[in-house]
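Here's the letter readout for the chains.
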Amino acid sequence: MVFTDSTMTRTLALRLLALILLLALFLRLWGVFYGLPYTYILDETFLVNHALAFGTGDLNPHFFEWPGSLLMYALFLLYGVYFVAGLVFGIFSSTESFALRIISDPTHIYLIGRVGMALISVATVYLTYEAGRLYFDRRTGVIAALFMACSPLLSGVSHFVLTDTPLVLAVIGGLVVMHGIVESGSLRSYVLSGAVIGLGASIKYNAAALVIPIAVAHALHLYKSRPTIREALLHRGPLLAAVALPVAFFMGCPYALIDFHSFLADVMHQFSRVNQIGNIGAEHSSTLLFYVRSFAEGVGTAAAVASGAGVAYLIARRRPVEAMAPLSFTVAYFAYISTLMVGIDKYLAPAIPPALVIGAHLLSDIYGRFCSGSRVVRGAAAALLVLMAAEPLYDSVHIDATLSREDTRTMAKEWIESNISSGTKIAIDAGRFDIAKLSPPIAEDEESLRRTYIEGYRETGNRFLQTEKSSLAKRYELQRKVHYPVRYSIERIVISSDGAYDPGLTLRGLIAKGVEYAVVSSFAYEGYESEAYRRNHPEAAEHYSSFYHDLDKTCDLVKVFPALPEERQGPTIKIYRLPLAPQ
C-alpha cells in the first residue's frame, strides 16, 4: 500500500517547501563571489568566454564536446542586455571598453551567470518536490526537496557557471513532464518530453539518457490503458517525441547541424576521452566505487542509504508502476557512468534528484506504516529526518564557508607580486592558455602573451585552436592594453591531461632559459603520482614525477601555501628559486 496525500495537507506541504527553497537559495548564494576577480574553474571560464565571443558575430562555438551551446547562447543574451544597459547609463563607451573591463575585472560578468545558476538550482529543488508529489505523494516530495536543498554536491556545483546545473533541471523537469505520458498519454506530454530531452542534450549530452524513461513511460501508459495492438502501433506519441527531440536539440545547438563534420569529430573525441584516453585527477581504480563514495558524500550518508534501499524497495514491489520511469533513469544512468574510464563527482548530478525521490518514497512509506500514530512518534520521526539532513547541510555550509575565503592561488599571487620583481622569468604549472586552473593568476608580459596567443595555436594540430586563432589574436591585443602593475615572463609547464607529454621539459632546460622561479601546484604533481594515472599513462607519469622530484632535490623552496580543505579552497602552491645558469 502506498500512503496518500491525506497524511500531509497541501498547505503544510507548501509551507515546508517554501522554507526548504529559502534554505536552498541561501546555501547557493553564500560564497558566490568565490575567487573573483580571478576565475579558478576552467569550464566556467570556457563557457563565459565563449558566450562573450559570440559578440564578435561568429555564433559558431567551434566546440561540441559537451556541447554547452544552449547555455552559451543564454549567457550571450544576458551579457548583451547588460552591455546595452551599460551603454545607456554610461558605464561603457564602446565594445572595446566593455571587453577591457571584463579582462581587467570580470566580477560583474561572472556574478550574472552565477546568480542565474543559483536560481536554476533552486528551481530543481522545487521540481524535485513536484516529481515526488506526482509519482508518490506530497510527503515524499517534501523529503526529497529537503535532501536536494542540502546536497553539498549540487549546492557546490551551482556556485559556478557550469552545464551541470541546467542539465539537472532538464532531467528532473523531463521526468515531471513524463508523468503526463504515464497518466494520460497526452500528445502534449510526448512533445514536451521530447523537447526537454533535446534542449537538455544541447546543454550536455548526458540528458539523452532520458530516452530510457520516456520509453518506459510510454510502455507504462500502454500497460495501464490496455489498447488494442492496432491502437498501440498507431499511437502518435512516440513519433511526436522522436520529432521534437532533434528539433529542440538543433534549436539549442544549431551548429551541430551546420558544422556537422566538426560536431561529429568532437563527439567522437569526447567519447574516446571518457572511455579510453582518461583525464588527470579523474581516473580511479574502480569508477563504480568512486561513484558510490561520491554519491554518499554528495547527498549525505543517510540519504544515500535511503536512496539505495528505495531502489531495491521499488524493484521488489514494482509499484506504483508510474515510478518505474524515474527508477529506470536512475539505474541506467548510474550503471553507464560507472563503466567510464573518467570519474568526476559532478557527472553524478543528473541521477541525484530521481534517486532522492525514490529514497524519500521509502522513508515516507515507513512513516505512513509505523509513525502516523501519536504526536510523540510523529515528532520523533520528524526529528530523525532533520538529523538525516544535518550531515549534508553541515557539509554544504562548510563548502560555502571555504568558498567565502581566499583561495591559495590568490594568496600565492599576492605574495609573488610583493616579493618577486616584475619582469622575472617564472615557470608555472598551467593549461595551454589558462594559468588560474592550477596556479596563481599572475600577469604575463607582452612576449609571453605573444607566445601563448599568437604562436600557441600554431604549435598544435588541435582543430579547435586552429578555428579560434582570430579570437585568440583579439584576446592578445586586449591583454596588451590592460594595465597590470606587475607582469612576468612566463614559461608554462603545460599539464598532461591525456598522457601526452613534453620531453623537453627538464629542470636543466628551464635553468638554461633563464628561469629564476618555478611555481607548481598539487593539482598537477599529485595527479601524476596517482595510481590510476601511473597505470594508464606510465611514460608521462614517470617524466613529470621526475621533473617535480628534481625541483625538490635541487631548488630552494622559498614559500609554500598549503592546501587546507577544512579552511579554504585551492591546491598546495610551492614556489622554488632555481639555481643560476652556469656561466
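Given the structure is predicted, the values throughout are model-derived calculations rather than measurements.

Let's talk about the sheet that holds strand β5 (residues 573-577)
What the 5 strands build is an open sheet, ordered β2-β1-β3-β5-β4; its pairing is mixed. Two strands bound the open sheet, and with one partner strand each, they are β2 (489-494) and β4 (556-561). Between one strand axis and the next, the sheet turns through 20° on average, direction left out of account. Pairing of strand β3 (residues 517-521) with β5, which is carried by 5 bridges, proceeds in the antiparallel orientation.

As for the packing of aromatic side chains
Working definition: an aromatic ring pair is given by the centre-to-centre distance plus the angle between the planes. One pass over the structure, following the stated rule, counts 28 aromatic pairs. Here F92 and F98 contribute two aromatic rings whose centre-to-centre distance is 4.8 Å and whose plane-to-plane angle is 70°, an arrangement assigned as edge-to-face. Owing to a relative accessible area of 4%, F92 belongs among the buried residues under this scheme. Centre to centre, the rings of F329 and Y333 are 5.4 Å apart; their planes meet at 15°, and the pair counts as stacked. Of the two residues, F329 and Y333 both sit in helix α17 (residues 324-337), 4 residues apart, roughly one turn of that helix. Each of the two residues, F329 as well as Y333, counts as buried. Three or more aromatic residues joined by ring pairs form one cluster here, namely F64, Y205, F249, F250, F260 and F263.

What to know about the pattern of salt bridges
Tallying each qualifying case throughout the model produces 20 salt bridges. A salt bridge links K346 to D164, with the nearest nitrogen and oxygen atoms 3.4 Å apart. One end of the pair, K346, is in the loop between α17 and α18 (352-370); the other, D164, is in helix α8 (residues 164-183), with 182 residues separating them in the sequence. We note that K346, like D164, is buried. Of the charged contacts, one joins R317 and D365 as a salt bridge, the two residues approaching to 3.9 Å between their closest N and O atoms. Taken together, the positions of R317 in helix α16 (residues 301-317) and D365 in helix α18 put the pair 48 residues apart, joining distant regions of the chain. D365 matches R317 in its accessibility class, with the two residues each being buried. One network of salt bridges, in which partners are shared, links E447, R450, R451, E491 and K513.

Structural notes on unusual backbone geometry
With an omega dihedral of 15°, the bond running from W66 to P67 counts as a cis peptide bond. With an omega of 0°, the peptide bond between R319 and P320 qualifies as cis. Checked against the element boundaries, P320 lands in the loop between α16 and α17. Positioned with a positive phi, H62 is a non-glycine residue whose angle comes to about 55°.

Digging into the pairing of strand β1 (residues 425-430)
In terms of burial, β1 is a largely internal element, 5 of the 6 residues being buried. Here β1 runs beside β2; their pairing, made up of 6 bridges, is parallel. Across the sheet, I428 pairs through a bridge with R492, a residue of β2. Alignment of β1 against β3, held across 3 bridges, turns out to be parallel. Directly across from A427, in β3, lies its bridge partner A518.

Looking at the packing of helix α5 (residues 107-135) against α8
Taken N-terminus to C-terminus, the directions of α5 and α8 make an angle of 25°; their axes are 9 Å apart at the nearest point. If you check the angle between α5 and α8, you find them roughly parallel. The crossing of α5 and α8 is left-handed. Residues M117, I120, S121, A123, T124, L127, T128, E130, A131, L134 and Y135 of α5 lie in contact with α8, whose contacting residues are T165, P166, V168, L169, I172, G173, L175, V176, M178 and H179. When its residues are assigned to classes, the contact of α5 with α8 shows 14 nonpolar, 6 polar and 1 charged.

Quick notes on helix α10 (residues 211-225)
With 15 residues, α10 extends 21 Å from end C-alpha to end C-alpha; this agrees with the ideal 21 Å at 1.5 Å per step. By the burial criterion, the buried members of α10 are P213, I214, A217, H218, L220 and H221. Each buried residue of α10 lies within a common arc of 165° when the element is viewed along its axis, so the set occupies one face. In this structure, the buried residues of α10 make contact with α8, α9 (187-203), α12 (237-252) and α17. R226 sits one or two positions beyond α10 and adopts a positive phi of about 55°.

Things to note about a nonpolar patch on the surface
Together, L12, L16, L19 and L22 make up a nonpolar patch on the protein surface, roughly 370 Å² of accessible area in all. Tracing the backbone shows L16 in helix α1 (residues 10-29).

Points about the confidence of the model for the protein
Of all residues in the protein, 95% have pLDDT values of 70 or greater, and the mean over the chain is 91. Confidence drops under a pLDDT of 50 for residues 1-6, and excluding neighbours within four residues, the segment shows 16 contacts in the predicted structure.

Side note on the packing of α9 against α10
How two helices sit against one another is set out by the angle between their axes and by the gap between those axes. Packing of α9 against α10 leaves a shortest axis separation of 10 Å and a crossing angle of 165°. Between α9 and α10, the angle is such that the two are roughly antiparallel. Where α9 crosses over α10, the two elements pack in a sense that is right-handed. When α9 is examined against α10, the residues Y190, S193, G194 and I197 are found in contact with a partner set consisting of V211, I214, H218 and H221. Taken together, the residues that form the contact of α9 with α10 break down as 4 nonpolar, 4 polar and no charged.

A short note on the environment of C371
By the element assignment, C371 lies in the loop between α18 and α19 (375-403). In contact with C371, not counting residues within four places along its chain, are I366, V377, R378 and A381.

Observations regarding the side chain of H218
By the element assignment, H218 lies in helix α10. What makes H218 buried here is its relative accessible area of 14%. Within the local environment of H218, its side chain forms a polar contact with the side chain of Y190, the two groups lying 2.6 Å apart. Dropping the residues within four chain positions of it, H218 is found in contact with I181, Y190, H235 and P238.

Side note on the nonpolar core
Of all hydrophobic cores here, the largest spans 82 residues; its most connected members are F147, M178 and I352. Counting residues in hydrophobic clusters, the runner-up holds 25 residues, among them L505, V515, Y528 and Y548.

Cut-offs and rules
- Throughout this document, residue positions are counted from 1 along each chain, in the order its sequence is written.
- Reporting in this predicted model follows two pLDDT cut-offs: at least 70 for local features of residues, and 80 or more for side-chain atom pairs to be given and counted; totals over whole chains, interfaces and linings ignore these cut-offs and use all residues.
- The basis for the side-chain values is all heavy atoms of the structure; hydrogens and waters are excluded.
- Strands qualify as paired when DSSP identifies two bridges or more between them.
- Helix numbering and strand numbering both begin at the N terminus, where a helix is a DSSP run of H or I of at least 4 residues and a strand a DSSP run of E of at least 2.
- To obtain an axis, a line is fitted to C-alpha atoms, over the contacting stretch when the element is a helix, and the angle between two such axes runs from 0 to 180 degrees between their N-to-C directions.
- The rule is short: rings of Phe, Tyr and Trp, with Trp giving its six-membered ring, pair when the centres are within 6.5 Å, and they are stacked under 30 degrees, edge-to-face over 60, tilted in between.
- Partly exposed describes any residue whose relative accessible area lies between the buried limit of under 20% and the exposed limit of over 50%, with all areas from a 1.4 Å probe on protein chains only and scaled to the type maximum.
- Each reported salt bridge corresponds to a side-chain nitrogen of Lys or Arg within 4 Å of a carboxyl oxygen of Asp or Glu.
- Each angle gets one of four labels, with under 35 degrees taken as roughly parallel, over 145 as roughly antiparallel, 65 to 115 as roughly perpendicular, and the rest as oblique.
- In this scheme the crossing of two helices becomes right-handed for a clockwise turn of the near helix relative to the far one and left-handed for an anticlockwise turn of less than a right angle.
- Note on definitions: a residue-residue contact is assigned when non-hydrogen atoms from the two residues lie within 4.5 Å.
- Residues are grouped as follows: nonpolar covers Ala, Val, Leu, Ile, Met, Phe, Trp, Tyr, Cys and Pro; charged covers Asp, Glu, Lys and Arg; every other residue, Gly included, is treated as polar.
- Any helix carries an expected span of 1.5 Å times its number of residues minus one.
- To obtain the arc, one takes the directions from the helix axis to the C-beta atoms.
- Only residues above 30% relative accessible area that lack a salt bridge enter a patch, with like-charged residues linked at up to 9 Å and the nonpolar side chains Val, Leu, Ile, Met, Phe, Trp and Tyr linked at up to 5 Å.
- Shrake-Rupley sampling with a 1.4 Å probe provides the accessible areas, and residues are treated as covered by the protein chains on show and by no other component.
- In predicted models, pLDDT denotes the confidence assigned by the predictor to each residue on a 0 to 100 scale.
- Think of a polar contact as two N or O atoms within 3.5 Å of one another; within protein, one of them needs to be a possible hydrogen donor and the other a possible acceptor, and neighboring residues in sequence only count if both atoms come from side chains.
- Side-chain atoms within 4.5 Å are what join buried Ala, Val, Leu, Ile, Met, Phe, Trp, Tyr and Cys residues into a set we call a nonpolar core.

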